[in-house]
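Residues per chain are reported as follows:
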Amino acid sequence: MHSFHYHQGNLLCEDVSLQALAKEHGTPLYVYSKATLVDHFTRLDQALAPLDHLICYAVKANSNLAVLGTLAKLGSGFDIVSAGELFRVIRAGGDPGRCTFAGVGKTAAEIRYALEQGIYCINAESAAELERINEVAGSLGLRAPVAVRVNPNVDAKTHAKITTGKSENKFGVDFEQIEALYAHIATLPNLRIRGVQMHIGSQLTSVEPFVEAVRKVAPLVAALHARHQLEFFSIGGGVGINYRQCLDSADAAWWEANAAAQHPLTLQAYADAVVPLLKPLGLRILCEPGRFMVGNAGALITEVLYEKSGKAKTFCIVDAGMNDLIRPTLYEGWHQIVPLAQSHEATRPCDVVGPICETGDYLAQDRALPPVKAGDFLAVLSAGAYGFSMASNYNTRPLPAEVLVDGNKASVVRQRQSLEDVLRGESLA
Ligand SMILES: *Cc1c(COP(=O)(O)O)cnc(C)c1O
């Protein structure tokens, strides 16, 4: 679901006017809906109910403390990729004992911190990393819980930059090397085998790659379980979201009629396909959704600064740039963009671009938009995942503020950076 709708010509997040938030807090501004977060967690939890399961939200998608805190209260675990993310989870009230630690390049210091905090499992991605974990655990006088990320070599059929389960990707250990590696782990004194992990990519829009990967890896997991007494199998994240939303109840019938085309992968289809394949393993199943949980829960609000019509194109120049939302230029990500004040005027094609000195600084290209003028606000929808968490200070632009909406209440959950904040720590030589 999502919680952005027009009401009397004005775009709301839940019951709060986005125009009012933009005026009060300035732009660019990230706004998140708590109701969407809760709904997505609850629906996934229910879909996996036939299995002994743990949802480990992938923190990198959106690591705001309020987002993490909301999910922690619902009982979520977390999948982290750095010591910093674990620090955030703990600060937000999350339980390290429900956290997994992913990534190909964990440092000894990060491994130490995670073990000291009582992490549920470190998901290792190479033999060399396992040696390092064994050393660090030995120096702490404990046994580190580990799993290995299997690279099943299946095509996730998603954008090349978010495919992770092919042999040529840097992630995981080749399927063919896994059994020998687990036999080796069993000889390392400071490691305890806890599970097996995989994650084949992000923004998957069909169920087939998930099925192919689970079908391929499940027999391996069963064999490893027989030998090493596993506790869990993690199937990773990757469930894709719909970047096109129905915003007006007047259009609901059309959206309903076109539901299959609009929703290429539903949560139900995903669960229906994977649950029966996983159930016979008799293991705890971990699931690591990032985008599914937060993507549709967020919007980036931006103000129109100028319009410029050239020989080839019309440019709508806004105050949010690729430093605030990098998905369009990094992944060719497509975001629906709509005015906060609903318009029924005829659209025309334009490029929505930011102020950054880069040709790649665009939020949309050749996009049909109704006429807008300076001072109007636009919402860049489905920006809750890999939005703020990838933002930077490029061009010495302060990071935007973030607001969490809950019903008719809105809380600033991260203040806009000041220029002093941006320069903190720097000095003349
Ligand atoms: C990024 C990542 C995820 C989350 O991916 P989504 O597509 O956002 O669901 C899950 N697991 C691992 C190991 C990841 O790196």
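Because the structure is a prediction, the values reported are computed rather than measured.

### A word on the overall build of the chain
- Tallying secondary structure elements over the chain gives 14 helices and 21 strands in all.
- For 429 residues, the compact-globule estimate of 2.2 N^0.38 gives 22 Å, and the chain sits close to it at 23 Å.
- When its C-alpha atoms are laid out on the principal axes, the chain stretches across 70 × 65 × 45 Å.
- Counting only residues that meet the buried cut, the chain has 56% of its 429 residues in that class.
- Considering only contacts in the chain between residues 6 or more positions apart, those separated by 24 or more positions represent 70%.
- Of the roughly 18,000 Å² of accessible surface on the chain, 52% is carried by carbon and sulfur atoms.
- Of the side-chain charges in the chain, 38 are positive and 44 negative, and the distance between the mean point of each set is 2 Å.

### Observations concerning the packing of helix α5 (residues 108-116) against helix α6 (residues 127-140)
- With their axes 10 Å apart at the nearest point, α5 and α6 run at an angle of 50° to one another. The angle between α5 and α6 places the two elements in the oblique class. Crossing angle aside, the handedness with which α5 passes α6 is right-handed. Between α5 and α6, the contacting residues are Ala-108, Ile-111, Arg-112, Leu-115 and Glu-116 on the first element and Arg-132, Ile-133, Val-136, Ala-137, Ser-139 and Leu-140 on the second.
- Split into classes, the residues belonging to the contact of α5 with α6 amount to 7 nonpolar, 1 polar and 3 charged.

### Thoughts on α5
- All of the buried residues along α5 are Glu-110, Ile-111, Ala-114 and Leu-115. Buried residues of α5, viewed axially, fall in a sector of 130°; they line one side.
- Buried residues in α5 make contact with α4 (83-91), β7 (99-101), β8 (121-124), α6 and β9 (144-151).

### Digging into the domain arrangement of the chain
- Once the domains are mapped, the chain shows domain 1 (4-11 + 22-27 + 296-417) and domain 2 (103-287).
- Spacing between the C-alpha centres of domain 1 and domain 2 amounts to 33 Å.
- Taken together, the contact between domain 1 and domain 2 spans 16 residues of the former and 12 residues of the latter.
- Carbon and sulfur atoms supply 50% of the area buried between domain 1 and domain 2, which totals about 1,300 Å² over both sides.
- There are 6 residue pairs in polar contact (both at pLDDT 80 or more) connecting domain 1 and domain 2.

Cut-offs and rules
- Residues numbered from 1 in each chain as written.
- Predicted model: local features only at pLDDT ≥ 70, side-chain atom pairs only at ≥ 80, totals over all residues.
- Heavy atoms only, no water.
- Helix = DSSP H or I, 4+ residues; strand = E, 2+ residues; numbered from the N terminus.
- Rg over C-alpha atoms; globule rule 2.2 N^0.38 Å.
- Buried < 20%, exposed > 50% of the residue type's maximum accessible area, 1.4 Å probe, protein only.
- Contact = heavy atoms within 4.5 Å.
- Areas by Shrake-Rupley, 256 points an atom, 1.4 Å probe, with all protein chains shown as cover.
- Lys, Arg positive; Asp, Glu negative; His and termini not counted.
- Charge placed at Lys NZ, Arg CZ, Asp CG, Glu CD.
- Axes fitted to C-alpha atoms, helices over the stretch in contact; angles between N-to-C directions.
- Parallel < 35°, antiparallel > 145°, perpendicular 65-115°, else oblique.
- Left-handed = near helix turned anticlockwise from the far one by under 90°.
- Nonpolar A, V, L, I, M, F, W, Y, C, P; charged D, E, K, R; others polar.
- Arc of directions from axis to C-beta.
- Domains from an automatic or database assignment.
- Buried area = accessible area lost by both parts, 1.4 Å probe.
- Polar contact = N/O pair within 3.5 Å; in protein donor to acceptor, adjacent residues only side chain to side chain.

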